[in-house]
Amino acid sequence: MKKLFWLLCMITASLSPTAVSANGDKPVYIYFGLEPDIITNYVSETNKIGFISVSVEFMLADKNSLEVIEKHEPLIRDKIISLLGQQSPQHLRSLTGREEVRKLIQNEVNSLLKQESGKGVIENLLFTKYLLM
């Protein structure tokens, strides 16, 4: 029974698209964090100014992607700041809004990188810190 279980596990792992890349090697992901944290204000219905502070980490597929991110870091920071500044407080506070903002930033930054370098290199975007003030 144990042998059958391990055989099924091995077959499942070999069929998984993330288990092995096209050339037979396991993918190696690289993480790049924007330093320092991004702090910006956001739109508010009242006259009170709200601030958001986020730490952003990019998951990249290879070292070439790392070079693209490092080269265009000022453009990426500017894009993230402008996207966060356009959000409403309610959208930033809700869990679904936070996820939508994360996906929006990932898609917009990838689009920006496609314009600048010819390819979108971000596999995933993570907020490792997310504070509203």
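Scroll up to find the structure this text is about.
Residues numbered from 1 in each chain as written. Predicted model: local features only at pLDDT ≥ 70, side-chain atom pairs only at ≥ 80, totals over all residues. Heavy atoms only, no water.

Q: I tried to follow the overall build of the protein on my own but got confused; where do I start?
A: Helix and strand counts for the protein come out as five helices and four strands. In sequence order, the secondary structure elements of the protein are arranged as α-β-β-β-α-α-α-α-β. Going through the 133 residues of the protein one by one, you find that 32% of them count as buried. The long-range share in the protein, meaning contacts at least 24 apart out of those at least 6 apart in sequence, stands at 68%. (Helix = DSSP H or I, 4+ residues; strand = E, 2+ residues; numbered from the N terminus. Buried < 20%, exposed > 50% of the residue type's maximum accessible area, 1.4 Å probe, protein only. Contact = heavy atoms within 4.5 Å.)

Q: How do you make sense of the environment of K71 when you look at a structure like this?
A: Mapping K71 onto the fold places it in helix α2 (residues 63-71). The exposure class assigned to K71 is exposed, which follows from its relative accessible area of 65%. C-alpha of K71 to C-alpha of S117: the two residues are 46 residues apart in sequence and 9.8 Å apart in space.

Q: Explain the pattern of salt bridges to me, please; I cannot follow it from the model alone.
A: Any two side chains of opposite charge can pair, given that their charged atoms come close. Summed over the entire model, instances satisfying the criterion amount to three salt bridges. Between D37 and K129 there is a salt bridge whose closest N-O contact spans 2.5 Å. Linking D37 in the loop between β1 (30-33) and β2 (38-42) with K129 in strand β4 (residues 122-132), this pair joins segments that are 92 residues apart in sequence. Since its relative accessible area comes to 31%, K129 is described here as partly exposed. (Salt bridge = Lys/Arg side-chain N within 4 Å of Asp/Glu carboxyl O.)

Q: Is there a simple way to explain the packing of helix α3 (residues 73-85) against helix α5 (residues 95-117) in this structure?
A: Helix-helix packing is described using two parameters, namely the angle between the two axes and the distance between the axes. Interhelical geometry of α3 versus α5 gives an angle of 145° and a closest axis separation of 10 Å. Crossing of α3 against α5: the hand is right-handed. Mapping the contact onto sequence places L75, I76, K79, I80, L83 and L84 in α3 and V101, L104, I105, E108, V109, L112, L113 and E116 in α5. Of the residues belonging to the contact of α3 with α5, the class tally is eleven nonpolar, no polar and three charged. (Axes fitted to C-alpha atoms, helices over the stretch in contact; angles between N-to-C directions. Left-handed = near helix turned anticlockwise from the far one by under 90°. Nonpolar A, V, L, I, M, F, W, Y, C, P; charged D, E, K, R; others polar.)

Q: So what exactly am I meant to see when it comes to the nonpolar core here?
A: One broad trend across soluble globular proteins is that nonpolar side chains are buried collectively. Ranked by internal contacts, the top residues of the largest apolar core, which has 27 residues, are V56, F58, I69, I80, L84 and I105. Secondary-structure elements contributing two or more residues to this core are β1, β2, β3 (50-60), α2, α3, α5 and β4. For this core, the element with the highest residue contribution is β3, accounting for five residues. (Core = buried A, V, L, I, M, F, W, Y, C linked by side-chain atoms within 4.5 Å.)

Q: Would you explain the packing of aromatic side chains in this entry?
A: Each pair of aromatic rings is reported with the distance of its centres and the angle of its planes. What the rule picks out here adds up to one aromatic pair. Taking the ring centre of Y130 as reference, the NZ or CZ of R98 above it sits at 4.3 Å. (Phe/Tyr/Trp six-rings, centres within 6.5 Å; stacked < 30°, edge-to-face > 60°. Lys NZ or Arg CZ within 6 Å of the ring centre and 35° of its normal.)

Q: What exactly am I supposed to notice about a nonpolar patch on the surface here?
A: On the surface, a nonpolar cluster with roughly 510 Å² of combined accessible area is contributed by I39, I49, F51, L131 and M133. Given the relative accessible area of 55%, M133 is considered exposed. (Patch = residues over 30% accessible without salt bridge, like charges linked within 9 Å, V, L, I, M, F, W, Y side chains within 5 Å. Areas by Shrake-Rupley, 256 points an atom, 1.4 Å probe, with all protein chains shown as cover.)

Q: I'm lost on the side chain of S53 in this one. Help?
A: Here S53 is to be found in strand β3. Contact partners of S53, with chain neighbours within four places excluded, come to D37, I38, I39, K129, Y130, L131 and M133.

Q: Explain a negative patch on the surface here, please?
A: On the surface, D62, E67, E70 and E123 cluster together into a negatively charged patch. With a relative accessible area of 53%, E67 lands in the exposed category. (Lys, Arg positive; Asp, Glu negative; His and termini not counted. Charge placed at Lys NZ, Arg CZ, Asp CG, Glu CD.)

Bear in mind that shape data such as this cannot, by itself, settle questions of function.
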